[in-house]
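Here is how the chains run, residue by residue.
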Amino acid sequence: MSGQVDEGLRSELQKQGIWVTSTQELYNWGRRNSIWPLQFGLACCAIEMIATAASRYDLARFGGEVFRPSPRQADLMIVAGTVTKKMAPQIVRLYNQMPDPKYVISMGACAISGGPFKQGYNVLKGIDRYIPVDVYIPGCPPRPEALLHAFMELQRKIDGQKLTGEKKAPFLDRKQPSEFPVPAFGAHDLEPPANPDVFRPPVVERT
Amino acid sequence: MSAGFHELEEAPPLMTSRLEGDLLEVSMGPQHPSTHGVFRMNVALEGEIVRKLKPVFGYLHRNHEKIGENTSYLGSMPYTDRLDYFCSMTNNWAYALSVEKLAGIEVPERAEYLRVILAELTRLQNHASLLGFLLSDMGAWGTPLMYAFREREKILDLFESLSGSRMMCDYMRFGGCRCDLPPGWMERARKLVDGFPRFLDEFEKLIVSNEILIARTQNVGSLSSELAINAGITGPMLRACGVNYDLRKVDGYGFYPRFKFRVPLGDHGDCYDRLMMRALEMRESIGILKQAMEQLPAGPIINPKVKLRAFKPPVGEVYGRIEGPKGELGFYLISDGSANPYRYRVRPPSFVNLTILEDLCLGHTVADVMVILGSIDIVMGEVDR
């Protein structure tokens with residue numbers, strides 16, 4: 001564990017050419033620097049996602065340029081764009097097909113809450129109703145810098161995940177679900193309208 | 001169970017039996033690296049040859065028209081940005097043009113010139129990124145797209161300094177434009193326009209006589225001019241079949257009659273022609289841009305008589321159209337005299353151009369389907385609305 005190695009001793013050893021680390025640190029270092037996103041664009045935000053991966057913003061600096069078209073090879077799902085009720089079941093299915101550990105970035109106003117199209121009858125009011133989201137990026141569409149920032153936040157989150165002990169990462173806990181039920185088309189709306197195990201909106205108490 | 005609201009969601013099966021005739025049914029999309037968004041095709045294959053193709057739409061249906069009927073005329077302007085999210089400026093212009101036609105609003109000269117400049121810049125970045133995506137679909141993974149996006153970023157920088165947003169510009173207003181050019185903008189734009197042919201030369205050198213590209217695109221997805229006219233195809237796709245129809249010449253909207261430019265035409269109507277059409281159109285756009293930048297007069301940017309807030313046009317109906325980068329983009333509005341349009345209808349070019357996809361793909365291999373789809377130039381935000 002990183003806590004057991006004294007920082008001063010470690011830097012002293014590094015000067016001597018000895019690099020001391022823990023399994024957890026090495027594991028997380030590898031994971032956070034090779035996040036492979038699912039190549040999956042929904043709407044306008046997908047173009048900014050491509051711009052982030054393209055020449056100027058260069059997502060490769062953060063180890064995230066390997067966009068995989070297959071969910072079986074992906075670590076990260078960037079929900080980039082408006083999620084319609086027709087598309088939501090496919091997104092949940094894609095999420096279920098991704099192997100653990102997996103992360104989700106909800107990119108843009110539409111993926112967070114429905115955004116400008118919230119009043120529409122066919123737009124899902126946020127993908128976090130069905131799958132757990134790690135990082136939210138506001139904006140319509142968010143700038144590529146915002147996506148890079150979300151990427152760095154995710155790296156920070158991965159870096160802090162513990163492999164053992166009480167607070168170990170959820171993907172190591174066998175009791176935590178890694179697949180979620182795929183919503184079905186009902187008479188008027190998707191059924192269920194939200195997954196209560198995932199979606200816990202804040203309760204606003206009015207006095 | 002009562003009729004579900006997505007009853008039509010599952011497309012009917014293409015074959016009665018999967019074993020019949022040894023056809024294999026493949027569902028491509030909605031999550032597919034080359035379907036340009038969330039488009040799905042059910043393809044019936046005999047070996048590798050496409051025998052039937054059925055497109056499935058609606059994965060990005062965002063109720064654009066219904067929202068348009070429930071918001072004020074000006075309130076729809078930001079939504080038009082999100083129709084075809086590559087070309088927000090031309091979408092804005094088409095909508096503003098329709099409302100101006102409906103209410104009889106005059107546009108000052110400077111605003112008209114700016115609209116032409118911004119529309120042509122939009123055309124440049126749309127066509128450049130289309131070429132990048134198309135080559136990416138063909139297997140030139142990465143490099144052409146990087147080159148195209150390098151140029152696109154420069155144009156987006158101009159849009160951003162002008163309107164505050166890279167993609168969703170929301171710049172046009174009824175009777176003019178929202179704000180005047182920031183200082184130094186014109187010099188930057190001139191520099192970009194002067195430098196753009198270098199990118200085109202480089203790009204054309206890489207692609208025009210590339211053997212793989214020619215093998216993948218020539219005589220693939222040939223479209224006859226009769227079918228194109230009958231199906232209502234517009235834009236570069238129509239002109240690639242040799243039909244001389246460009247709304248900038250036909251309608252002469254904006255100040256386009258004041259500029260000297262040629263309309264490039266193809267003759268085979270195959271994917272190669274459609275691809276080269278974009279490259280040639282970019283060169284013509286550069287010519288228009290140079291003329292417009294030279295002639296740009298000083299003056300007001302917006303008609304001061306227009307009341308943008310509580311805007312109520314007279315009763316009537318109108319169809320306004322412009323030549324967008326993808327084809328004829330039209331808005332059909334019915335006004336009942338209130339603050340909201342009674343009916344708001346978009347005529348999206350990529351949707352109409354997509355209707356002949358099956359005719360183009362039949363008899364080609366499944367790998368060519370992606371090239372044909374890429375050469376049509378669709379954006380799902382506009383197809384599904």
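A brief structural summary.

Helix and strand counts for chain B come out as 15 helices and eight strands. The C-alpha radius of gyration computed for chain B amounts to 21 Å, which stays within 12% of the reference 21 Å derived for 385 residues, consistent with globular compactness. Taken along its principal axes, the extent of the C-alpha atoms in chain B is 70 × 60 × 35 Å. Taking all 385 residues of chain B together, 61% fall into the buried category. Across chain B, every contact between residues at least 6 apart in sequence was considered, and the portion connecting residues at least 24 apart equals 72%. For chain B, the computed accessible surface area is about 14700 Å², with 53% contributed by carbon and sulfur atoms. A distance of 6 Å separates the average location of the 44 positive side-chain charges in chain B from that of its 49 negative side-chain charges.

The subject of this paragraph is the packing of helix H4 (residues 109-137) of chain B against helix H5 (residues 143-163) of chain B. All names here are of chain B. Close contact between H4 and H5 brings their axes to 8 Å; oriented N to C, the two are set at 155 degrees. In terms of orientation, H4 lies roughly antiparallel with respect to H5. Relative to H5, H4 is oriented so that their crossing is left-handed. Contacts between H4 and H5 involve Leu118, Leu121, Thr122, Leu124, Gln125, Ala128, Ser129, Gly132, Phe133 and Leu135 from the former and Pro144, Leu145, Ala148, Phe149, Arg152, Ile155, Leu156, Leu158, Phe159 and Leu162 from the latter. For the contact of H4 with H5, the class distribution of residues is 15 nonpolar, four polar and one charged.

Here we come to the interface of chain A and chain B. Each side of the interface is counted separately: chain A has 42 residues, and chain B has 40 residues. Its largest share of buried area at the contact with chain B, chain A owes to Ile47, Lys86 and Phe117 of chain A, together 18% of the area lost on that side. Inspection of the region where chain A meets chain B yields four salt bridges. Notably, a salt bridge pairs Arg56 of chain A with Glu153 of chain B, separated by 3.7 Å at the nearest N-O pair. If you look at where chain A meets chain B, you find 15 residue pairs in polar contact (both at pLDDT 80 or more).

Let us look at the environment of Glu317 of chain B. Residue and element names in this part refer to chain B. With respect to the helices, strands and loops of the structure, Glu317 is situated in strand S6 (residues 316-323). Along the backbone, Glu317 and Ile334 are 17 residues apart, and their C-alpha atoms lie at a distance of 4.2 Å. Among residues more than four places away in sequence, those in contact with Glu317 are Leu102, Tyr332, Leu333 and Ile334.

Moving on, we come to helix H6 (residues 185-207) of chain B. All names here are of chain B. Look at H6: 32 Å from first C-alpha to last across 23 residues, which is about the 33 Å you get at 1.5 Å a residue. Of all the bends in H6, the greatest reaches close to 30 degrees and is centred on Gly195; the proline Pro197 follows between one and four positions later. Listing the buried residues of H6 in full gives Trp185, Met186, Ala189, Leu192, Val193, Phe196, Phe199, Leu200, Phe203, Glu204 and Ile207. On its buried face, H6 is in contact with H4, H5, helix H7 (211-217) and helix H11 (271-295).

Okay, the sheet that holds strand S7 (residues 328-335) of chain B next. Residue and element names in this part refer to chain B. Spatially, S6-S7-S8 is the arrangement adopted by the three strands of the open sheet, whose pairing is antiparallel. The sheet is open, and its two edges are formed by S6 and strand S8 (341-347), each paired on a single side. Along the sheet, successive strands turn relative to each other by an average axial angle of 10 degrees, direction set aside. By the bridge criterion, eight bridges tie S6 to S7 in an arrangement that is antiparallel. Across the sheet, residue Glu317 finds its bridge partner in S7, namely Ile334. In this fold helix H3 (residues 88-103) packs onto S6, S7 and S8, with an angle of close to 145 degrees to the strand it touches most, S6.

Attention now goes to the environment of Cys169 of chain B. Residue and element names in this part refer to chain B. Note on placement: Cys169 falls in the loop between H5 and strand S4 (172-173). Judged by relative accessible area, which is 1%, Cys169 ranks as buried. Apart from residues lying up to four places away in sequence, Cys169 is in contact with Asp81, Ser88, Met89, Asn92, Phe159, Ser163 and Arg178.

All right, on to the pairing of S8 of chain B then. All names here are of chain B. Sheet analysis places S7 next to S8, joined by six bridges and oriented antiparallel. Across the sheet, residue Ile334 finds its bridge partner in S8, namely Arg343. Turn length for the S7-S8 hairpin, with the two strands adjacent in sequence and antiparallel, is five residues, and the turn residue Gly337 shows positive phi of about 90 degrees.

Reading the values: rules and limits
- Residues numbered from 1 in each chain as written.
- Chains lettered and ligands numbered in written order.
- Predicted model: local features only at pLDDT ≥ 70, side-chain atom pairs only at ≥ 80, totals over all residues.
- Heavy atoms only, no water.
- Helix = DSSP H or I, 4+ residues; strand = E, 2+ residues; numbered from the N terminus.
- Rg over C-alpha atoms; globule rule 2.2 N^0.38 Å.
- Buried < 20%, exposed > 50% of the residue type's maximum accessible area, 1.4 Å probe, protein only.
- Contact = heavy atoms within 4.5 Å.
- Areas by Shrake-Rupley, 256 points an atom, 1.4 Å probe, with all protein chains shown as cover.
- Lys, Arg positive; Asp, Glu negative; His and termini not counted.
- Charge placed at Lys NZ, Arg CZ, Asp CG, Glu CD.
- Axes fitted to C-alpha atoms, helices over the stretch in contact; angles between N-to-C directions.
- Parallel < 35°, antiparallel > 145°, perpendicular 65-115°, else oblique.
- Left-handed = near helix turned anticlockwise from the far one by under 90°.
- Nonpolar A, V, L, I, M, F, W, Y, C, P; charged D, E, K, R; others polar.
- Buried area = accessible area lost by both parts, 1.4 Å probe.
- Salt bridge = Lys/Arg side-chain N within 4 Å of Asp/Glu carboxyl O.
- Polar contact = N/O pair within 3.5 Å; in protein donor to acceptor, adjacent residues only side chain to side chain.
- Expected span 1.5 Å × (residues − 1).
- Bend = angle between axes of the 7 residues up to and from the residue.
- Pairing = 2+ DSSP bridges.

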